[in-house]
There are 2 protein chains.
Amino acid sequence: MSEADSDAPLRGGIDLGGTKIEAVVFDAENQAKGSARHPTPTSGGPADVAAAMGVAMHEAAQAAGLTTAQLKGVGVGSPGSVDGANGTVASARNLPGWDGSYALGQELEHALGTRVVVGNDVQVAITAEYQLGAGRPYASLLGVFWGTGVGGGLILGGTPWRGRGGAGEIGHMVIERGGRRCPCGNRGCLEAYAGRGAMEARARKLIADGRDSDLPKIMRDKGRTRFTSSVWAKALEHEDPLATELIDQAVNALGAGIASAVNLLDVEAVIIGGGLGVRFGDPYAERIRAAMKKHLFPGHQDPDVHLTGLGDLGGALGAALLV
Amino acid sequence: MSEADSDAPLRGGIDLGGTKIEAVVFDAENQAKGSARHPTPTSGGPADVAAAMGVAMHEAAQAAGLTTAQLKGVGVGSPGSVDGANGTVASARNLPGWDGSYALGQELEHALGTRVVVGNDVQVAITAEYQLGAGRPYASLLGVFWGTGVGGGLILGGTPWRGRGGAGEIGHMVIERGGRRCPCGNRGCLEAYAGRGAMEARARKLIADGRDSDLPKIMRDKGRTRFTSSVWAKALEHEDPLATELIDQAVNALGAGIASAVNLLDVEAVIIGGGLGVRFGDPYAERIRAAMKKHLFPGHQDPDVHLTGLGDLGGALGAALLV
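Counting restarts for each chain, with residues numbered from 1 along the sequence as it is written. To read the labels, note that chains go from A and ligands from 1, taken in the order they are written. Local features in this predicted model are restricted to residues whose pLDDT is 70 or higher, and side-chain atom pairs enter the listing and the counts only when it is 80 or higher, whereas totals over whole chains, interfaces and linings include all residues.

Would you take a moment to explain the overall build of chain A for this structure?
Along chain A, the regular secondary structure elements total 12 helices and 13 strands. Put simply, the radius of gyration uses C-alpha atoms, and a globule should come to 2.2 Å times the residue count raised to 0.38. Relative to the globule expectation of 20 Å for 323 residues, the C-alpha radius of gyration of chain A, 19 Å, shows essentially globular dimensions. Taken along the three principal axes of its C-alpha coordinates, chain A extends 60 × 45 × 35 Å. For every residue, the other C-beta atoms within 10 Å of its own C-beta are counted; 20 or more classify it as buried, 12 or fewer as exposed, and values in between as partly exposed. C-beta atoms are placed from the backbone. Here chain A, with 323 residues, has 57% of them falling under the buried criterion. Note on conventions: DSSP H or I runs of at least 4 residues are helices, E runs of at least 2 residues are strands, and numbering of each starts at the N terminus.

Which parts of the structure should I look at to understand the nonpolar core?
With 216 residues, the main nonpolar core has Ile-14, Val-144, Leu-190 and Leu-254 of chain A together with Ile-14 and Leu-190 of chain B as its most contacted residues. With near-sequence residues (within four places) excluded, Leu-254 of chain A lies in contact with Val-144, Trp-146, Leu-190, Ala-194, Ile-288 and Ala-291 of chain A. Working definition: the nonpolar core is a set of buried Ala, Val, Leu, Ile, Met, Phe, Trp, Tyr and Cys residues, joined through C-beta atoms within 7 Å. C-beta atoms are placed from the backbone for every residue, and two residues are taken to be in contact when these atoms lie within 7 Å.

Just checking my understanding: could you explain the interface of chain B and chain A for this structure?
Note on interface size: it is often stated as the accessible area lost on association of the parts. Each side of the interface is counted separately: chain B has 40 residues, and chain A has 40 residues. Listing elements by their share of the side of chain B that touches chain A, those giving two or more residues are strand E10 (150-156) and helix H9 (241-265) of chain B. Among the elements that line the side of chain B that touches chain A, the one with the most residues is H9 of chain B, at 7 residues. When the residues that make up the side of chain B that touches chain A are grouped by side-chain class, the tally is 16 nonpolar, 16 polar and 8 charged. The classification used treats Ala, Val, Leu, Ile, Met, Phe, Trp, Tyr, Cys and Pro as nonpolar, Asp, Glu, Lys and Arg as charged, and all other residues, Gly among them, as polar.

Please explain the packing of helix H8 (residues 229-237) of chain B against H9 of chain B as it appears in this structure.
When two helices pack together, their arrangement is given by the angle between the helix axes and the distance between those axes. Residues and elements named next belong to chain B. Only the stretch in contact is used when a helix axis is fitted, and all axes are lines through C-alpha atoms; the angle between N-to-C directions ranges over 0 to 180 degrees. The N-to-C vectors of H8 and H9 enclose an angle of 115°; their axes lie 8 Å apart at closest approach. The orientation of H8 with respect to H9, classified from their angle, is roughly perpendicular. In the packing of H8 onto H9, the handedness of the crossing is left-handed. Note on element contacts: H9 touches H8 through Ala-243, Thr-244 and Ile-247, opposite Trp-232, Ala-235 and Leu-236. Within the contact of H8 with H9, the residues separate by chemical class into 5 nonpolar, 1 polar and no charged. Convention used here: angles under 35 degrees read as roughly parallel, angles over 145 as roughly antiparallel, angles from 65 to 115 as roughly perpendicular, and any remaining angle as oblique. For a crossing to be left-handed, the near helix must be turned anticlockwise from the far one by less than a right angle; the clockwise case is right-handed.

Before we go on, may I ask you to explain the relation of the copies chain B and chain A in this structure?
Superposition of the two copies of the chain requires a rotation about an axis and a shift along the axis. By a simple turn and slide, chain B fits onto chain A: the slide is 0.0 Å along the axis, the RMSD is 0.0 Å, and the turn is 180°. The symmetry that links the two subunits is that of a two-fold axis. The fraction of interface residues of chain B whose copies in chain A are also interface residues reaches 100%, indicating that both copies meet through the same surface. Our superposition of the copies is a least-squares fit, built on the C-alpha atoms of residues whose pLDDT is at least 70 in both.

I tried to follow the sheet that holds strand E12 (residues 269-273) of chain A on my own but got confused; where do I start?
What holds strands together in a sheet is hydrogen bonding between their backbones, with the strands either parallel or antiparallel. Residue and element names in this part refer to chain A. Strands are labelled as partners when DSSP assigns at least two bridges between them. One open sheet accounts for 5 strands, arranged E11-E10-E9-E12-E13; its pairing is mixed. Looking along the sheet, the strands with just one partner apiece sit at the ends: strand E11 (159-160) and strand E13 (304-307). Against the sheet, helix H4 (residues 121-132) contacts strand E9 (141-146), strand E10 (150-156), E11 and E12, and its axis sits at roughly 50° relative to E10. The sheet strands contacting helix H11 (residues 282-293) are E12 and E13, and the helix crosses E13 at an angle near 155°.

How should I be thinking about the domain arrangement of chain A in this particular structure?
Residues and elements named next belong to chain A. Taken domain by domain, chain A holds domain 1 (3-124 + 314-320) and domain 2 (137-307). Residue ranges assigned to each domain were obtained from an automatic or database domain assignment. Distance between the C-alpha centres of domain 1 and domain 2: 25 Å. Residue-level contacts link 11 residues of domain 1 with 22 residues of domain 2. If you tally residues by element for the side of domain 1 that touches domain 2, the top one is H4, at 3 residues.

Before we go on, may I ask you to explain the environment of Gly-274 of chain B in this structure?
All names here are of chain B. By the element assignment, Gly-274 lies in helix H10 (residues 274-293). Given 30 C-beta atoms within a 10 Å radius, Gly-274 is considered buried. Each C-alpha atom, one on Gly-274 and one on Asp-209, is 30 Å from the other, the two residues being 65 residues apart in sequence. The contacts of Gly-274, once residues within four sequence positions are left out, are Phe-145, Trp-146 and Gly-147.

For this particular structure, what's the right way to read the pairing of strand E3 (residues 32-39) of chain B?
Sheet faces and side chains relate simply in a regular strand, where the side chains alternate between the two faces. Residues and elements named next belong to chain B. Where strand E2 (residues 20-26) and E3 come together, 7 bridges link them in antiparallel fashion. Considered in E3, the bridge of Ile-21 is made with His-38. In this antiparallel pair of consecutive strands, E2 and E3, the connection spans 5 residues, and Asn-30 shows a positive phi of 65°.

I'm lost on the sheet that holds strand E5 (residues 81-83) of chain A in this one. Help?
Residue and element names in this part refer to chain A. What the 3 strands build is an open sheet, ordered E5-E6-E7; its pairing is antiparallel. Single-partner strands in this sheet number two, and they are E5 and strand E7 (101-102). Examined bridge by bridge, strand E6 (residues 88-90) and E7 share 2 bridges and lie antiparallel to one another. Bridge pairing in E7 places Val-89 opposite Tyr-102.

Shown next, in the form of structure tokens:
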């Protein structure tokens, strides 16, 4: 490693989402120096996902004017059950063929030629918000990452709360017993109403049953194969009735689920992030806050509600902080 | 204070519930040396409740062969929003006329002639379970106190989590959007289906509307004015259809609400206590565990579920531990 490198070591961060892979190179001041984005493979298995992550990180390094081997290390924020000690990821249900355990860290170390540290995606994102983003003024936070799934991250008394490694499954809190089937197999979970994946499945079913909607056309026009957050945003701009209806239902579901979590934990603030959360921005953070209101326990002080302060790069930045 | 007193100081504990006041004197080995139980006043205000607490504690001390002034101190576990530093209690919604703040600690110090420390009822109870009861093998616990209301207490990483003072309102997690009206004013809360108070209100309404039930007769035969936990237990023994239906609904609601909390927090164990929980015992703890099953996140290891190890006296013992 050259002297210049050790003076200002660059770190990589990869945010592995259900829809996209975001790879970013950060400098010591946490400024992005290069980035690349690829869609998450929708078929194949963990090895295909790992290969796409490797390509994205190589491109991000190139954009920053160096090779991945020159990075101090690369952090990964992954969905699923993460074992940070050995870099394995299991049960990443929103990724293709990823039911078992896969040595993601080891595989990426081979591909990138540098040290790789793997953490849970929502936990690294909420830690970044707490340290550097919208969560800085608070000691207790609930992060709600509204994307393909609905993930949650907890900071309690200044410390991440991980439970036995799986804490934060706010998307699988029950808001409607006997309600809609969730991708997890249970019924009535928040994610069944608000997850991008579940909303897309429901929209496609309703369209197949004869409901009219511009969602498929907008998707094709954008050259996508899925109803991504930008597809939903465009459909809302066009006041597409089906998209509007499903997003309204999602906002109401988020209000009930987040209020439930707040009633249990009495945290100071809620941070809204994730692909849809960032895309829809402050007006929707405000709508979610309003939807929480009727479910918040009257004996409590209401929590503050903020949009993520780190935006789309928060996940990758949180991952880089693992290094 | 005599030399014998300082060798083995006795402490008082008062568990202030929505139905009954339990006052107990404990020795240094946490053995009960005397106790008294009074129904919680159903009318009047905080001063009437405080007076009944004072009478109960005097009787418990007398049963232990001493006066309250000879106690090292008295701890109180109270519902509502408790400020431990100044001994005030606010917004104790299941107690009569207790919407504002009341100096409960100061009032009891006058009445008892000894130091009084006030804590939140479910927080002192879960701390007692963690230190001395069914929670001893675990570092993270969710206590569910199924009584007049449904309260929750949290131990996370060996430390009580209190939020901004109000954490643990598991009874006000939403399990059914747009569902039954809760005593708190919101709709669809767990407590609206499982709280003894809400169940009694619903039973009385259904009986007034013409449903047949032995609940009122059992209540009168027992010399009670409310459907206490012993009234419900007797009605279940008699296979009273209305009581059976409402208790079945309560068990299902508890399953959904507790599973939601566990999905969020990934705690090691759930401890079931409270007036109804203790009265119904292990068979109902097992029924609640079974009802949780269909809502637990499939990617997690299921938590252990236990009945309180300290039984009916857990609340008073936890209160005494405050001294």
